[in-house]
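One-letter residues, chain by chain:
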Amino acid sequence: MAEFAGDALACIRAERLVFQGLSFTLAAGGALRLTGPNGSGKSSLLRVMAGFIRPAAGSLTWDGADVTKDREAHGARLAFIGHLDAAKPVLTVDESVRFWARLYGAEDPAATTEKALEAFDLLRLADFPVRLLSSGQRRRLALARLLAAPAKLWLLDEPTTGLDAASVARLETVIARHREAGGLVVLATHTDIALPEAETLALEDFAPEPAFADEETA
Amino acid sequence: MIRALRAIAGRDLRLALRLGSETMTVLVFFVLTVILFPFGVGPAPETLAKIAPGILWVTALLASMLSLERLFAGDYEDGSLEWLSLAPVPLELVVLSKALAHWLTTGLPLVVMAPVLGVLLHLDPAGTLTMIAAMALGTPALTLIGAIGAALTLGARRGGVLLSLLVLPLYIPVLIFGVSAVDAAIFGLGAGPRLLILGGLALFALALAPFAAAAALRQAIE
């Protein structure tokens, strides 16, 4: 069974300690919601989980094996949606999604693309160049890649930014289906998004203690 | 592996065709600069013929450097690079695919254009074939070496200046053997060995550049 866990993680960005002593466990079908004020390290944690940043301390494991040792294998099982939509303005919606489907080795890229576009209500826009899309539509295009390039672990950084209520509902359905199939989801968000039985990790709980506290204990 | 290479190179080619600016920038720079030389050094055929190989190589080298900065920058800025790095293919292959597309859109046009401009500069016809061969061997090396520089300078402010400083010294061997191969052919000395060295340089870059550039890209997306 897939189990993704972090133990006593710490992260340093630009010589500043962002969080420390952070632990979590996520089993197959599980979801983890990251909350916390701006700058509390939600994005940094997601980037650590994706293997882009090495944790300054602690360990990150998948089924008990250290993921920082084999970044390629870890990368193959995860999908990361950050703030950027990774969309090329001159490609059409269909071409953009199909590229990722082909790169991720889909058996039938055309069918996979169609399914992914349908799930986010983008079929009617399939032949539109990306530069004509609104920001919410671009966001949906980015999310459609989750289905075009299947991965076990989804790391979503503010996926609902710019989405209307109907699209948020679609995303909820897609996430629920992914979890039913044994997938894992980690999601950083400020907005309400239904994640039944999700655990919540409040990043402010792991903020480093203020400097003066260190002096007192020393 | 081959599928992934085709997918990435195919996407980059499509992007380049739709935008069209990269190829045009390189070609226009190449043509205009070469055209300026007869005005600068005078139209005497013997003078021009003497320096033609050098002019063509130096300008081709500068032209190919013009487009390097955008090699990874687009994917870096819009977040595609993160996805590419997570794809179930080695990042080295991603670099190789992108370099291939880059050479097809910016290197190959130089190879095609060089003999035409050679006529303009009264390049000895005996050197024309060698010129094409040398360019065909040398420009892939330029792209691959340039890929290392482009990956290293990602995210740096004024990366373009840094990129030229990093890459130009590494271009010099290609320049030396490229020019000397054409000169050798013109003087009937046999360009073979020099072309072989150029080919060797290209293979060396092919073996080294994907790894070096991939390592630099991993740093960039941290």
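Residues numbered from 1 in each chain as written. Chains lettered and ligands numbered in written order. Predicted model: local features only at pLDDT ≥ 70, side-chain atom pairs only at ≥ 80, totals over all residues.

Asker: Could you clarify how one ought to interpret the overall build of chain B in this entry?
Answerer: Helices and strands together make up the secondary structure of chain B, namely nine helices and zero strands. Mapped from its N terminus to its C terminus, chain B presents α and β elements in the order α-α-α-α-α-α-α-α-α. Relative to a compact globule of 222 residues, whose C-alpha radius of gyration would be 17 Å, chain B shows 18 Å and is just as compact. Here the C-alpha coordinates of chain B stretch approximately 55 × 35 × 30 Å along the principal axes. Here the contacts in chain B between residues at least 6 apart in sequence split such that 81% fall between residues at least 24 apart. (Helix = DSSP H or I, 4+ residues; strand = E, 2+ residues; numbered from the N terminus. Rg over C-alpha atoms; globule rule 2.2 N^0.38 Å. Contact = placed C-beta atoms within 7 Å.)

Asker: Whenever I open this one, the packing of helix H3 (residues 45-66) of chain B against helix H6 (residues 91-120) of chain B confuses me. Can you help?
Answerer: Residues and elements named next belong to chain B. At their nearest, the axes of H3 and H6 sit 11 Å apart, and the two run at 155° to each other. In terms of orientation, H3 and H6 fall into the roughly antiparallel class. Where H3 crosses over H6, the two elements pack in a sense that is right-handed. Seen from H3, the contacting residues are Ala52, Leu56, Ala60, Ala63 and Ser64; seen from H6, they are Thr106, Gly107, Leu110, Ala114, Leu117 and Gly118. Taken together, the residues of the contact of H3 with H6 sort by class into seven nonpolar, four polar and no charged. (Axes fitted to C-alpha atoms, helices over the stretch in contact; angles between N-to-C directions. Parallel < 35°, antiparallel > 145°, perpendicular 65-115°, else oblique. Left-handed = near helix turned anticlockwise from the far one by under 90°. Nonpolar A, V, L, I, M, F, W, Y, C, P; charged D, E, K, R; others polar.)

Asker: How do you make sense of unusual backbone geometry when you look at a structure like this?
Answerer: A negative phi angle characterises most non-glycine residues, just as the trans form characterises most peptide bonds. Residues and elements named next belong to chain A. In the Ramachandran plot, Ala8 falls in the positive-phi region, its phi being about 50° despite a non-glycine side chain. Note on placement: Ala8 falls in strand S1 (residues 3-13). Assessed through the 12 C-beta atoms surrounding it within 10 Å, Ala8 is described here as exposed. Despite not being glycine, Asp121 has its phi angle at roughly 55°, a positive value. Its location among the elements puts Asp121 in the loop between helix H4 (109-119) and helix H5 (135-148). (Buried ≥ 20, exposed ≤ 12 C-beta atoms within 10 Å, placed from the backbone.)

Asker: So what exactly am I meant to see when it comes to the sheet that holds strand S2 (residues 16-27) of chain A here?
Answerer: Either a parallel or an antiparallel arrangement is found when strands of a sheet pair, and the pairing is made through backbone hydrogen bonds. Residues and elements named next belong to chain A. Taken in spatial order, the four strands line up as S2-S1-S4-S5 in an open sheet, and their pairing is antiparallel. Every other strand in the sheet has two partners, leaving S2 and strand S5 (65-66) as the edge strands with one partner each. Note that S1 and strand S4 (residues 57-62) share five bridges and pair antiparallel. Residue pairing in the sheet places Asp7 in a bridge with Ser59 of S4. Here helix H1 (residues 42-50) sits on the sheet and contacts S1, S2 and S4; the angle it forms with S1, its principal contact strand, is near 125°. (Pairing = 2+ DSSP bridges.)

Asker: Honestly, the packing of helix H7 (residues 128-152) of chain B against helix H9 (residues 192-220) of chain B in this entry has me stumped. Any pointers?
Answerer: The relative placement of two packed helices is expressed as an angle between their axes plus a distance between the axes. Residue and element names in this part refer to chain B. Axis separation between H7 and H9 bottoms out at 7 Å; the angle between their running directions is 20°. Between H7 and H9, the crossing angle belongs to the class labelled roughly parallel. In the packing of H7 onto H9, the handedness of the crossing is left-handed.

Asker: Help me understand the interface of chain A and chain B in this model?
Answerer: Often the size quoted for an interface is simply the accessible area lost on bringing the parts together. If you look at the interface, chain A gives 21 residues, while chain B gives 21 residues. Taken together, the elements giving at least two residues each to the side of chain A that touches chain B come down to helix H2 (71-76), strand S6 (78-81) and helix H3 (93-103) of chain A. Per-element accounting of the side of chain A that touches chain B gives the leading share, four residues, to H3(A). Split into classes, the residues belonging to the side of chain A that touches chain B amount to 14 nonpolar, three polar and four charged.

Asker: Hey, could you run me through the confidence of the model for chain A in this one?
Answerer: Caution applies to low-pLDDT regions: their predicted coordinates should not be interpreted in detail. Of the residues in chain A, 95% have a pLDDT of 70 or more, and the chain-wide mean is 82. The model gives residues 212-218 of chain A a pLDDT under 50, and that stretch makes one contact with residues more than four places away or in other chains. (pLDDT = per-residue confidence, 0-100.)

Asker: Quick question: what am I supposed to make of the confidence of the model for chain B here?
Answerer: On average, chain B scores 88 in pLDDT, and the residues at 70 or more come to 100%. Our summary of model confidence lists the complex with pTM equal to 0.86 and ipTM equal to 0.81.

Asker: Quick question: what am I supposed to make of the sheet that holds strand S7 (residues 153-157) of chain A here?
Answerer: Residues and elements named next belong to chain A. Here five strands make up an open sheet; going across it, the order is S6-S7-S8-S3-S9 and the pairing parallel. Across the chains shown, the open sheet's two edge strands, defined by having one partner strand only, are S6 and strand S9 (199-202). This sheet shows a mean twist of 15° between the axes of neighbouring strands, independent of strand direction. One ladder, built from four bridges, connects S6 with S7; its direction is parallel. Of the residues in S7, the one forming a bridge with Phe80 is Leu155.

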